[in-house]
Amino acid sequence: SWPSPAPTACWSSRTAPRRTERPRAAVAWVRWATPPPSASTRPRTSARWATAGTYLLMAGTAAAMAFATEAWMGFALTALYGAVLAGEGAAVRALAAELVPENLRASGMAAYAALGALAQLPGGLVMGLLWDRYGARPAWLAASAVAALGCLVAISGLRGRTRGR
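Keep in mind the model is a prediction, meaning the values are calculated, not measured.

J.: Honestly, the nonpolar core in this entry has me stumped. Any pointers?
T.: Buried together is how nonpolar side chains tend to be arranged in soluble globular proteins. By size, the foremost hydrophobic cluster in this structure holds 15 residues, and its most contacted members are Tyr55, Met58, Tyr81 and Trp140. Elements supplying a minimum of two residues to this core: helix 2 (47–66), helix 3 (71–99) and helix 5 (136–157). Here this core takes seven residues from helix 2, the largest share from any one element.

In structure tokens:
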């Protein structure tokens, strides 16, 4: 709470600072500084390019994991890989939404979720088998190759099918 000032001749209730003035000013500044969403502030890239970019980052991160030699490298790359996976999920969901007609969007997103969940089991099994049989480096290089393939499919294989640029 604000300290109560000593009564003086120049202090009045009109000039006394109120607790609500600072937050109002901050909110007004944020509203002024951030324009409302419009055609000029929408993302200029399509979901296809966002998906390709996240798969490219995933391929690079997986390849770097294959050659990590120190524990701190593994920790840092694991954190980066987790962040890339989070971005990949959002980008691929946006791509799935672009590929499906609007009247079938809910069914398309449900099919994407089901197929993605089903694909994780064999993907995890293959990664685990590679890791057990050949070690971490070949497993991470295989993951990098699959991610690079996903990047190429997003760039070339879906051209003309999406509604974005």
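J.: Looking at this structure, how should I read the packing of helix 3 against helix 4 (residues 105–134)?
T.: If you want to describe how two helices pack, look at the angle between their axes and the distance between the axes. Closest axis-to-axis distance for the helix 3/helix 4 pair is 9 Å, and the angle between their directions is 140°. When the axis of helix 3 is compared with that of helix 4, the two are oblique. Crossing handedness for the pair helix 3 and helix 4: right-handed. Taking contact as the criterion, the partners of Gly89, Val92, Arg93, Ala96 and Ala97 in helix 3 are, on helix 4, Arg105, Met109 and Tyr112. Looking at the contact of helix 3 with helix 4, its residues break down into five nonpolar, one polar and two charged.

What counts as what
Residues numbered from 1 in each chain as written. Predicted model: local features only at pLDDT ≥ 70, side-chain atom pairs only at ≥ 80, totals over all residues. Heavy atoms only, no water. Core = buried A, V, L, I, M, F, W, Y, C linked by side-chain atoms within 4.5 Å. Buried < 20%, exposed > 50% of the residue type's maximum accessible area, 1.4 Å probe, protein only. Helix = DSSP H or I, 4+ residues; strand = E, 2+ residues; numbered from the N terminus. Axes fitted to C-alpha atoms, helices over the stretch in contact; angles between N-to-C directions. Parallel < 35°, antiparallel > 145°, perpendicular 65-115°, else oblique. Left-handed = near helix turned anticlockwise from the far one by under 90°. Contact = heavy atoms within 4.5 Å. Nonpolar A, V, L, I, M, F, W, Y, C, P; charged D, E, K, R; others polar.

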